[in-house]
Amino acid sequence: YRRFLHGVLIQAARTRRVALGTGVRLTGMAATALLLATTEWPGVWVAAAALSVGVVAEALVAVVMAREPVRAVRRRAPNSAEAPLRYGAIARFYYPLALTSFIGLTTKPLLTFFMGRAPAPVDSLALYPVVVALVFLFGSLGLSFQEAAIALVGRELEHVVPLRRFAIGLALAASGVLAVIALTPLAGVWYGRLSGLPDGLVQLAATPTRVAIVMPLLSVALAFQRAVLVRTGDTRPITIASALEVGGMALLFPAFAWGAGLMGVTAAIAAQVGGRLLGVSFLTWRLRARGGRATHELAATSV
């Protein structure tokens, strides 16, 4: 329900209210965690309660912030030329997206299974969530850009060119900042002082972080491609791309870990990069095949 209202706000160009809701969620989580930390509750209970309070608080705030856009939608006269939206049409549009999320959820258990049987399993399992957390800070820009691109690209993709230019700049900036951290002593500051890793693990984290430099760039490209496909109602290729991404990871990890002898966490990150590149490449081909000037320009520059 919270995300549904966020969609209404984004469509109404009220994105600042979405950011405000995120602030409310983080504040609620922090306040709840600090309050319950003084009790004898186990840490996992405190974390679960903090997450629940934060999400509920954001949902309540979203209800208030979305009142005006929702009223505007209800006041708008229906267009008699448009066919009514049926549940069947909603399901056909939505199920590939839902399946995409389900497929994506298999990534972590798949890589965890592989890392447990690859070189340096204990160190790899300890490092993987910390490295991924750093990469996700910059990769999350792609997630938020997808929603913005869907709202702004236009019904006929008339705004695809300026959005494409923005996506290129965003992708280069995200991967560029990650590269500055990965290739300088800032990596030691992040992993050693902020994340609290021992010196031995800090040194081991350097290689997988450098391998992951390109991930934010690929995430923005993927978000842009998905936005165009969602806007045109063609969601099935998104599911295929996700399946190719996970399948690529499953094939690449053994080659990197047992074939090339890479440490488990490095093999996992490299497999993720390879799988994401495979998914982006497929959507690039798909957008080329669709034809049309706007989508052709997008496909030619999205990778």
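Use the structure listed above.
Residues numbered from 1 in each chain as written. Predicted model: local features only at pLDDT ≥ 70, side-chain atom pairs only at ≥ 80, totals over all residues. Heavy atoms only, no water.

Caption draft 1: Molecular detail of the packing of helix α12 (residues 215–231) against helix α14 (residues 264–290). Put simply, α12 and α14 touch, their axes get as near as 10 Å, and they point 30 degrees apart. In the packing of α12 onto α14, the handedness of the crossing is left-handed. The segment α12 lies against α14, with Met-215, Leu-218, Ser-219, Ala-221, Leu-222, Gln-225, Arg-226, Val-228 and Leu-229 engaging Gln-272, Val-273, Arg-276, Leu-277, Val-280, Leu-283, Thr-284, Leu-287 and Arg-290. (Axes fitted to C-alpha atoms, helices over the stretch in contact; angles between N-to-C directions. Helix = DSSP H or I, 4+ residues; strand = E, 2+ residues; numbered from the N terminus. Left-handed = near helix turned anticlockwise from the far one by under 90°. Contact = heavy atoms within 4.5 Å.)

Caption draft 2: Structural view of the packing of aromatic side chains. Using the criterion set out here, one finds eight aromatic pairs in the structure. When the centroid spacing of 5.9 Å and the interplanar angle of 85 degrees are considered together, the rings of Phe-114 and Trp-258 count as edge-to-face. A residue pair is termed long-range when its members are at least 10 positions apart, and Phe-114 in helix α6 (residues 107–115) and Trp-258 in helix α13 (residues 236–259) qualify at 144 residues. Given a relative accessible area of 12%, Phe-114 falls into the buried group. A ring pair is formed by Phe-145 and Phe-224, whose centres lie 6.0 Å apart and whose planes are at 65 degrees; its orientation type is edge-to-face. With Phe-145 in helix α7 (residues 121–152) and Phe-224 in helix α12, the pair connects residues that are 79 residues apart, well separated along the chain. (Phe/Tyr/Trp six-rings, centres within 6.5 Å; stacked < 30°, edge-to-face > 60°. Buried < 20%, exposed > 50% of the residue type's maximum accessible area, 1.4 Å probe, protein only.)

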